[in-house]
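Report on the structure
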Amino acid sequence: MLVLFETPAGFALFKVLDEGKLNKVEDLSKEFLAADSARKVVSLQAFSKFENTAEALEAATKLLESTPSKGLRKFLRAHCDGETLGVADSKLGNAIKEKLKIDCVHNNAVMELLRGVRTQLTELISGLGAQDLAPMSLGLSHSLSRYKLKFSADKVDTMIVQAIGLLDDLDKELNTYAMRVREWYGWHFPELTKIVQDNILYAKSVKLMGDRANAAKLDFSEVLPEEVEIEVKEAAVISMGTEINDLDLINIKELCDQVLNLSEYRAQLYDYLKSRMNTVAPNLTALVGELVGARLIAHGGSLLNLAKQPGSTVQILGAEKALFRALKTKHSTPKYGLIYHASLVGQAAPKHKGKISRSLAAKAALAIRCDALGDDQDNSMGLENRAKLEARLRALEGKELGRSAGSAKGKPKIEVYDKDRKKGAGLITPAKSYNPAADSLIGQLTDSTALDEQDTVPKKKKKVEAEPSPAEEAVEVPAGEEKKEKKKKKKADQEASLPTSEEPAAPKEKEKKKKKKRPAEDDDENVEVGEKKKKRKHAEQEEAEVQTKKEKKKKKKSED
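Residues numbered from 1 in each chain as written. Predicted model: local features only at pLDDT ≥ 70, side-chain atom pairs only at ≥ 80, totals over all residues. Heavy atoms only, no water.

1. Quick word on the overall build of the protein
- A tally of helices and strands in the protein yields 25 helices and 5 strands.
- Counting over 560 residues, the protein shows a buried share of 33%.
- Intrachain contacts of the protein at a sequence separation of at least 6 include 66% that bridge at least 24 residues.
- Split by element, the accessible area of the protein, about 36700 Å² in all, is 53% carbon and sulfur. (Helix = DSSP H or I, 4+ residues; strand = E, 2+ residues; numbered from the N terminus. Buried < 20%, exposed > 50% of the residue type's maximum accessible area, 1.4 Å probe, protein only. Contact = heavy atoms within 4.5 Å. Areas by Shrake-Rupley, 256 points an atom, 1.4 Å probe, with all protein chains shown as cover.)

Written out as structure tokens, the structure is:
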């Protein structure tokens, strides 16, 4: 009977010398207390050494999945013909039996035998020392852990989560400490709070100055600008603050040291975060920046968890409270969460922020998946998508400019061609062919009147639109002149419209000219008649209103 034993260096086959001892499982452990007694129970039959770490990792992962590797199958075929094989895993034994037709045994006796072999492994296998076995075991366990957890040493997103958390905590502490310095030193020199707005510069000024009486002698050029320095010195002379002793100043200066140390450490931490973000998630960093990208990863838990989220979830990460409140109250859901602080959303106009945040979230989801699951380490995809988003932002702003400047879609308005507006501009329509039926005068009157009725309907509207309203004409022209002109026009129209039987048959060209003139004259008449009627109506209405007013006045007088 043979026993299969797996080591970090390779596979080993041990021959069981006395199979009778396997019947007494309780006594097997005593046989392996010493190396000499162990050699009497088992002896090394064959050993298959791993060529490199990759082969060892492959064999170990296959064993965890209870399947024999290619090297193990070759090894067993060569040394296990007609033998029974003892294995530590029953599923592995079943797989070997199916593929290699080798009988496999898995029971308590085999497990106890393997436990004893493990205790005396270095003695049973010559050339495998304890000093070599320990590093091999450690290296293989690390490789196996990386493989099982899909862990990469380059992409340590846990460090990013911790760094951004610490950065936010530092900002809070810095703000608290700086406010405490201002409040504490403000009792002695209250005017300095309004003069120096920056917290770090304020702490440096307090540390350098100490008592405000020293301000006139000191040089603040390394700390403050020249204008601010002059203002501080002037305010120190006329300050209304209370006096302060040296012990209080020492404690205030120590607090200033804490503020300055924290600010320096925050700057170092920010540089560290930038380098980690450019290594772990370069495409996401190119799209949204280091801080926003790190906050997204921290909010998602890890880069891999964030890669499983769709773009719509990435868009509102950080606004969960507002989202659930909107769903509960049936109001509009939020348009953005943490992604609002990205530079692209900040550049957009308020009415475009929703569109840009949606587009940015979709591209950010692709960038996250590329960073988490891709093999490339560059940020080319992120830069390309950022250029597309910037172009889209410019296009949105350009659309709005085009609409406000001109027509609906920024295109010039095309006017419809109208032949009536271009009179006297030469030949408008092509020459007509000769019509011999037009030479006869029979039925000329009936045809001309029918043509006049057809033409007057569309032309009336154009003439009325072009001419001023009757109210305006009434204001501009006196009533006496209007009547004279209308009478003259009536007489001329009547004389032109009456046909004469004595006239000889005119050529075809004269008849055409008459036909052209008649519709125009009829249009003038129709327009004038309409204007007269409108004026009469207005005049009658005005007279009726005046009469009613007079009657009412008379009634009132009579009643009085």
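Past the structure itself, the notes keep going.
2. Focus on the packing of aromatic side chains
- For the structure on display, the rule yields 3 aromatic pairs.
- Between Phe-11 and Phe-50, the ring centres sit 5.4 Å apart and the planes meet at 80 degrees, which makes this aromatic pair edge-to-face. With Phe-11 in strand β2 (residues 10–16) and Phe-50 in the loop between β3 (42–49) and α3 (53–64), this pair connects stretches of sequence that are 39 residues apart. Each member of the pair, Phe-11 as well as Phe-50, carries the same accessibility label: buried.
- Taking 4.8 Å as the distance between ring centres and 45 degrees as the angle between the ring planes, the aromatic pair formed by Tyr-336 and Tyr-340 counts as tilted.
- Note that Arg-182 overlies the ring of Tyr-202, its terminal NZ or CZ placed 4.6 Å from the centroid. (Phe/Tyr/Trp six-rings, centres within 6.5 Å; stacked < 30°, edge-to-face > 60°. Lys NZ or Arg CZ within 6 Å of the ring centre and 35° of its normal.)

3. Re the pattern of salt bridges
- Enumeration over the complete set of coordinates arrives at 12 salt bridges.
- Residue Lys-15 is joined to Glu-83 by a salt bridge in which the shortest nitrogen-to-oxygen separation is 3.5 Å. Of this pair, Lys-15 sits in strand β2 while Glu-83 is found in the loop between α4 (70–79) and β4 (85–86), placing the two residues 68 residues apart along the sequence.
- By relative accessible area, which is 25% here, Lys-15 ends up partly exposed.
- With a closest N to O distance of 3.5 Å, Glu-123 and Arg-39 form a salt bridge. (Salt bridge = Lys/Arg side-chain N within 4 Å of Asp/Glu carboxyl O.)

4. A closer look at the packing of helix α9 (residues 157–186) against helix α15 (residues 290–300)
- Following both chains from N to C, one finds α9 and α15 inclined at 110 degrees, their axes separated by 9 Å at the closest point. With respect to each other, α9 and α15 are oriented roughly perpendicular. As α9 packs across α15, the resulting crossing turns out to be left-handed. On α15, the residues touching Asp-157, Ile-160, Val-161, Ile-164, Leu-167 and Asp-168 of α9 are Leu-291, Ala-294, Arg-295, Ile-297 and Ala-298.
- A breakdown of the residues in the contact of α9 with α15 according to their chemical character gives 8 nonpolar, no polar and 3 charged. (Axes fitted to C-alpha atoms, helices over the stretch in contact; angles between N-to-C directions. Parallel < 35°, antiparallel > 145°, perpendicular 65-115°, else oblique. Left-handed = near helix turned anticlockwise from the far one by under 90°. Nonpolar A, V, L, I, M, F, W, Y, C, P; charged D, E, K, R; others polar.)

5. Topic: the pairing of strand β1 (residues 2–6)
- Burial analysis of β1 places 4 of its 5 residues in the buried class, which makes it a mostly covered element.
- One ladder, built from 5 bridges, connects β1 with β2; its direction is antiparallel. For Leu-4, the partnering residue across the bridge sits in β2 and is Leu-13.
- With antiparallel pairing between neighbouring strands as the criterion, β1 and β2 make up a hairpin whose turn holds 3 residues.
- Of the pairings in the sheet, the one linking β1 to β4 comprises 2 bridges and is parallel in character. Looking across to β4, one finds that Leu-2 is bridged to Leu-85. (Pairing = 2+ DSSP bridges.)

6. Some details on the state of the cysteines
- What the rule picks out here adds up to 0 disulfides.
- With no disulfide of its own, Cys-80 lies closest to Cys-104 among cysteine sulfurs, the gap being 8.2 Å.
- Cys-80 sits in the buried class, given a relative accessible area of 3%. (Disulfide = S-S within 2.5 Å.)

7. Some words on the environment of Arg-39
- Relative to the helices and strands, Arg-39 is located in helix α2 (residues 35–41).
- Judged by relative accessible area, Arg-39 falls into the partly exposed class, the value being 38%.
- Expressed as a C-alpha distance, the spacing of Arg-39 and Gln-120, which sit 81 residues apart in the sequence, is 9.3 Å.
- Apart from residues no more than four positions distant in its own chain, Arg-39 is found in contact with Leu-17, Glu-123 and Leu-124.

8. Description of the side chain of Thr-61
- Summarising the element assignment, Thr-61 is placed in helix α3.
- Dropping the residues within four chain positions of it, Thr-61 is found in contact with Leu-144 and Tyr-147.

9. As for a positive patch on the surface
- Residues Lys-549, Lys-550, Lys-552, Lys-553, Lys-554, Lys-555, Lys-556 and Lys-557 make up a contiguous surface patch of positive charge.
- With respect to the element layout, Lys-553 can be found in helix α25 (residues 508–559). (Patch = residues over 30% accessible without salt bridge, like charges linked within 9 Å, V, L, I, M, F, W, Y side chains within 5 Å. Lys, Arg positive; Asp, Glu negative; His and termini not counted. Charge placed at Lys NZ, Arg CZ, Asp CG, Glu CD.)

10. Quick look at a negative patch on the surface
- On the surface, Glu-540, Glu-542, Glu-543 and Glu-545 cluster together into a negatively charged patch.
- Tracing the sequence through the fold places Glu-545 in helix α25.
- A residue is classified by how much of its surface remains accessible, and Glu-545, at 48% relative accessible area, is partly exposed.

11. Some thoughts on the side chain of Ser-239
- Considering the arrangement of structural elements, one finds Ser-239 in the loop between α12 (226–237) and α13 (246–280).
- At a separation of 3.3 Å, a polar atom in the side chain of Ser-239 contacts the main-chain amide nitrogen of Gly-241.
- Apart from residues no more than four positions distant in its own chain, Ser-239 is found in contact with His-188, Phe-189, Pro-190, Glu-191 and Arg-212. (Polar contact = N/O pair within 3.5 Å; in protein donor to acceptor, adjacent residues only side chain to side chain.)

12. Here we look at the sheet that holds β2
- Taken in spatial order, the 5 strands of this open sheet run β3-β2-β1-β4-β5, and their pairing is mixed. In this open sheet, the two edge strands, each paired with only one partner strand, are β3 and β5 (104–105).
- Docked against the sheet, α4 engages β1, β2, β3 and β4, running at close to 25 degrees with respect to β2.

13. What about the environment of Asp-211?
- Secondary-structure assignment places Asp-211 in the loop between α11 (199–209) and α12.
- Among all residues touching Asp-211, those that are not within four sequence positions of it are Tyr-185, His-188 and Leu-249.

14. Thoughts on the nonpolar core
- Counting residues in each nonpolar core, the largest one holds 64 residues, and the members touching the most others are Tyr-185, Phe-189, Leu-192, Leu-273 and Leu-360.
- With near-sequence residues (within four places) excluded, Tyr-185 lies in contact with Leu-192, Tyr-202, Val-206, Met-209, Gly-210, Asp-211, Arg-212, Leu-249 and Ile-252.
- Counting residues in each nonpolar core, the second largest holds 23 residues, with Phe-32, Ala-109, Leu-128 and Leu-133 among its members. (Core = buried A, V, L, I, M, F, W, Y, C linked by side-chain atoms within 4.5 Å.)

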